[in-house]
Amino acid sequence: MSVKVDVLTMPLFINGKWESAASGEWFDVNNPATGEVIAKAAKGTAEDVDRAVMAARAAFDQAEWREMNPKDRSKVMYAIAHQIIEHAEELAYLECVSSGGTIRRISSNDILQMADLFQTFGKFVLEYPFSETLPVPPFPGPAHNFIWREPVGVCAAITPWNMPMLIASWKIAPALAMGNTIVIKPASYTPLSTLKLAEIISKVVPPGVINVVTGPGAETGEALVRHPIVDKVAFTGSTEVGRNIMKLAADTVKNTTLELGGKSPNILLEDADLSLALPGSLFGVFLHSGQLCESGTRLFVHESMHDEVVEGLVQLAKNIKPGNPLDPASDMGPLISKQQKDTVLSYIRSGLEEGAELVCGGKEMSVPGCEGGSFIEPTIFTNVTNDMKIAREEIFGPVLCVIKYTSMDEVIAMANDTIYGLAAGVWTRDVNKAYEAARKLQAGVVWINDWHMLRNDAPFGGYKQSGIGREMGKHSLDAYTQVKHVHTSMVTDLHKRNWYGILFSEKAETRGEK
Ligand code: NAD
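Residues numbered from 1 in each chain as written. Predicted model: local features only at pLDDT ≥ 70, side-chain atom pairs only at ≥ 80, totals over all residues. Heavy atoms only, no water.

**Regarding the pattern of salt bridges**
Stage number 1. Under the counting rule described, the total for this entry stands at 24 salt bridges.
Stage number 2. Of the charged contacts, one joins Asp331 and Arg104 as a salt bridge, the two residues approaching to 3.1 Å between their closest N and O atoms. A residue pair is termed long-range when its members are at least 10 positions apart, and Asp331 in the loop between helix H11 (306-318) and helix H12 (338-353) and Arg104 in helix H5 (residues 103-127) qualify at 227 residues.
Stage number 3. In this structure Asp331 comes out as partly exposed when scored by relative accessible area, which is 29%.
Stage number 4. Assessed through its relative accessible area of 40%, Arg104 is described here as partly exposed.
Stage number 5. The structure contains a network of salt bridges with shared partners spanning Glu19, Asp48 and Arg51. (Salt bridge = Lys/Arg side-chain N within 4 Å of Asp/Glu carboxyl O. Helix = DSSP H or I, 4+ residues; strand = E, 2+ residues; numbered from the N terminus. Buried < 20%, exposed > 50% of the residue type's maximum accessible area, 1.4 Å probe, protein only.)

Written out as structure tokens, the structure reads:
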């Protein structure tokens, strides 16, 4: 199938309109499956970031949006879900040709998850405790006390290239549900679907509520994080850049949430049902060519079953067919770039140098019709030890490391011996052992007999250096709200305000009494 497409021109999306960048410059967006240029995106600068932030601020200052009642806001969330379904084909296409994700995954999973996400948040809005009354306190005197939850203000969202639309939605949905406005800076490899998403969302929200500024992370992204009018930063990307974002946000003490990298442990207990565990473990690591933050990249196998497991994994892995992601028959797409391919190949070399045994794949491959793309065979290493570079660092490619263990205590210790803590998994028929492992694993999500199962109503995020805060689920709403305590005193007689005596220790006259 040919993947040649017309070259699109994608300007910035600010205040409900398409706008050129102040620099007048554009950058190329390539199809990672072919290397062809498919679009020119505007190269935003700090000046463009400022325009977008000020538009978002002006939209936030409008009571019409900020103080919309929950019923109407819920309707907006459902209207966004409707827009996503109505534009599903175009969104899926743009996501596929820029991120290299397979059309089979994007159309059967991502689009539906996004629509469901906005519907889920449409329900959350109706149930959210925007205002709570506290019980009347016995001391220091009768009072009415409220807790109000208010939007934070202008939110900045900085997103990666691996699942750009879905990850942007994880930030847009809670931000808009709570009455904030947002400026998004997508990764330069994949700005197209996010720009389209903003355009269709803007059909059902006031101008300025959603804005997108494209451009290099070090310039456009940093300008957004530094901007004094931005109240909150939600970042998804590498742990390295996340550390930098946190430092930059500290200058203006911004509310910051981070979704970062992972090196997730997947544990096969001796009693695991291998007919599920083997395809499940490969699903856990090779989906999207291993370019998912919560991939199960370290597979811990009990020594008693090691050889049988490895043989089964290799057989199954050989049946996974990388191909043109636009072809519904393709199981895996390309890596995002030649640079990413080179990084993955250098990790494969490092595994060999450190003594790991390559039992499957390990090479780049050519896909007919996609000769300009960067494809790597599904790769499996055995004889990996937990201290090797391939077991410690995030590779972000189709590479599985099989590590032997002998006891439950040993495997839990190895699983947790990482700076990351995004996801973990355990395969067993024994529910007690499963829960014991789940309790001990230091990760934001633990899958039992499964992988990659995220729910829009369940929180997702990392322990340790995999991040701060949670996305999805009701927990995510708290990061997009300010909490205000409002106190109204019911004590109208000055004499009964004994606590004023803490300051006015002398006679009543000094308190202003006649
Ligand atoms: P990245 O950190 O290189 O870039 C992420 C975003 O940050 C991009 O938009 C980029 O332009 C921007 N950026 C880069 N430098 C910046 C700077 N100095 N200031 C502000 N913004 C800057 O990550 P990536 O390569 O796009 O994505 C892959 C990484 O993302 C992996 O580490 C993966 O684990 C992680 N990830 C995490 C999650 C999660 O939910 N935890 C989900 C997907 C991806």
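**Focus on a nonpolar patch on the surface**
Stage number 1. Among the surface-exposed residues, Val431, Tyr435 and Ile448 lie close enough to one another that they form a single nonpolar patch of about 280 Å² accessible area.
Stage number 2. Locating Val431 in the fold gives a position in helix H15 (residues 431-440). (Patch = residues over 30% accessible without salt bridge, like charges linked within 9 Å, V, L, I, M, F, W, Y side chains within 5 Å. Areas by Shrake-Rupley, 256 points an atom, 1.4 Å probe, with all protein chains shown as cover.)

**Considerations on the UniProt feature "active site" (unreviewed entry) in the protein chain**
Stage number 1. The sites that carry the UniProt feature "active site" (unreviewed entry) are, in the present numbering, Glu259.
Stage number 2. In this fold, Glu259 is placed in strand E12 (residues 255-259).
Stage number 3. Assessed through its relative accessible area of 5%, Glu259 is described here as buried.
Stage number 4. Filtering out sequence-adjacent residues up to four positions away, Glu259 remains in contact with Phe235, Thr236, Gly237, Leu422, Phe460, Gly461, Gly462, Ser466, Gly469, Arg470 and Glu471. (UniProt positions renumbered as here; feature names shortened; annotations may be inferred. Contact = heavy atoms within 4.5 Å.)

**Some points on the side chain of Arg105**
Stage number 1. In this structure, Arg105 sits in helix H5.
Stage number 2. Among the residues examined, Arg105 registers a relative accessible area of 9% and is labelled buried.
Stage number 3. A polar contact is formed between the side chain of Arg105 and the side chain of Asp110, at a distance of 2.7 Å.
Stage number 4. Apart from residues no more than four positions distant in its own chain, Arg105 is found in contact with Asp110, Asn162, Met163, Leu287 and His288. (Polar contact = N/O pair within 3.5 Å; in protein donor to acceptor, adjacent residues only side chain to side chain.)

**Some details on the site of the ligand**
Stage number 1. The full set close to the ligand counts 28 residues, and Thr159, Lys185, Ser238, Leu260 and Glu394 are the nearest of them.
Stage number 2. With respect to the ligand, the side chain of Ser238 contributes an N or O atom lying 2.7 Å from an oxygen atom.
Stage number 3. Within the side chain of Asn244, an N or O atom sits 3.4 Å from a nitrogen atom of the ligand.
Stage number 4. When the ligand sits alone it has 840 Å² of accessible area, and the protein chains cover 88% of it.
Stage number 5. Listed by contribution, the elements that provide at least two residues to the shell around the ligand are helix H8 (217-226), strand E11 (232-236) and helix H9 (239-250).
Stage number 6. Top contributing element to the shell around the ligand by residue count: H8, with four residues.
Stage number 7. Of the residues belonging to the shell around the ligand, the class tally is 15 nonpolar, nine polar and four charged. (Near = heavy atom within 4 Å. Nonpolar A, V, L, I, M, F, W, Y, C, P; charged D, E, K, R; others polar.)

**Details of the sheet that holds strand E6 (residues 131-133)**
Stage number 1. Read across the sheet, three strands follow the order E6-E7-E23 without closing on themselves; strand pairing throughout is antiparallel. The open sheet has two edge strands, E6 and strand E23 (481-489), and neither has a second partner. Recorded for the sheet is a direction-independent mean angle of 20° between the axes of neighbouring strands.
Stage number 2. Where strand E7 (residues 143-151) lies against E23, nine bridges are found, and the strand directions are antiparallel. Residue pairing for E23: Trp148 is matched across the bridge by Lys484. (Pairing = 2+ DSSP bridges. Axes fitted to C-alpha atoms, helices over the stretch in contact; angles between N-to-C directions.)

**A word on the side chain of His87**
Stage number 1. Within the secondary structure, His87 is located in the loop between helix H3 (70-86) and helix H4 (88-99).
Stage number 2. Here His87 falls in the buried class, since its relative accessible area comes to 14%.
Stage number 3. Apart from residues lying up to four places away in sequence, His87 is in contact with Lys196, Ile200 and Lys203.

**Some points on the UniProt feature "domain: Aldehyde dehydrogenase" (unreviewed entry) in the protein chain**
Stage number 1. In the numbering adopted here, UniProt assigns the feature "domain: Aldehyde dehydrogenase" (unreviewed entry) to residues 18-486.
Stage number 2. Summarising residues 18-486: 40% helix, 20% strand, and an end-to-end C-alpha distance of 42 Å.

**Describing H3**
Stage number 1. Taking 1.5 Å of rise per residue, the 17 residues of H3 would be expected to cover 24 Å, and the 24 Å separating its terminal C-alpha atoms lies within 8% of that figure.
Stage number 2. For H3, every residue scored as buried is listed here: Arg73, Ser74, Val76, Met77, Ile80, Ala81, Gln83 and Ile84.
Stage number 3. The elements touched by buried residues of H3 are helix H2 (63-66), H4, H5, helix H6 (164-177) and helix H7 (192-201).
Stage number 4. At the N-terminal end of H3, a side-chain oxygen is found 2.9 Å from the backbone nitrogen of Lys71, two or three residues along, and the residue is Asn69. (Expected span 1.5 Å × (residues − 1).)

**With respect to the packing of aromatic side chains**
Stage number 1. Counted under the stated rule, the structure contains nine aromatic pairs.
Stage number 2. Between Phe121 and Phe124, the ring centres sit 5.0 Å apart and the planes meet at 65°, which makes this aromatic pair edge-to-face. With Phe121 and Phe124 both in helix H5 and three residues apart, the pair spans about one turn of that helix.
Stage number 3. Judged by its relative accessible area of 1%, Phe121 is buried.
Stage number 4. Residue Phe124 is classed as buried on the basis of its relative accessible area of 7%.
Stage number 5. A ring pair is formed by Trp170 and Phe460, whose centres lie 5.7 Å apart and whose planes are at 65°; its orientation type is edge-to-face. Of this pair, Trp170 sits in helix H6 while Phe460 sits in the loop between strand E21 (445-448) and strand E22 (467-468); the two residues are 290 residues apart in sequence, bridging distant segments of the chain. Accessibility classification places Trp170 together with Phe460 in one group, the buried group.
Stage number 6. Pairwise contacts between aromatic rings join Trp161, Tyr189 and Phe396 into one cluster.
Stage number 7. Against the face of Trp65 rests Arg73, its NZ or CZ located 4.6 Å from the ring centre.
Stage number 8. Above the ring of Tyr480, the side-chain terminus of Lys232 is found at 4.9 Å from the ring centroid. (Phe/Tyr/Trp six-rings, centres within 6.5 Å; stacked < 30°, edge-to-face > 60°. Lys NZ or Arg CZ within 6 Å of the ring centre and 35° of its normal.)

**A word on the nonpolar core**
Stage number 1. In this structure, Ile84, Phe118, Ile172, Leu176, Ile182, Leu197 and Ile201 are the most contacted members of the largest nonpolar core, which totals 72 residues.
Stage number 2. The residue makeup of this core includes at least three contributed by each of domain 1 (9-260 + 468-482) and domain 2 (265-456).
Stage number 3. Not counting the four nearest positions on each side in its chain, Ile201 is found in contact with Ile80, Phe118, Ile172, Leu176 and Ile210.
Stage number 4. Residues Tyr347, Ile348, Met388 and Val399 belong to the second largest nonpolar core, which totals 30 residues. (Core = buried A, V, L, I, M, F, W, Y, C linked by side-chain atoms within 4.5 Å. Domains from an automatic or database assignment.)

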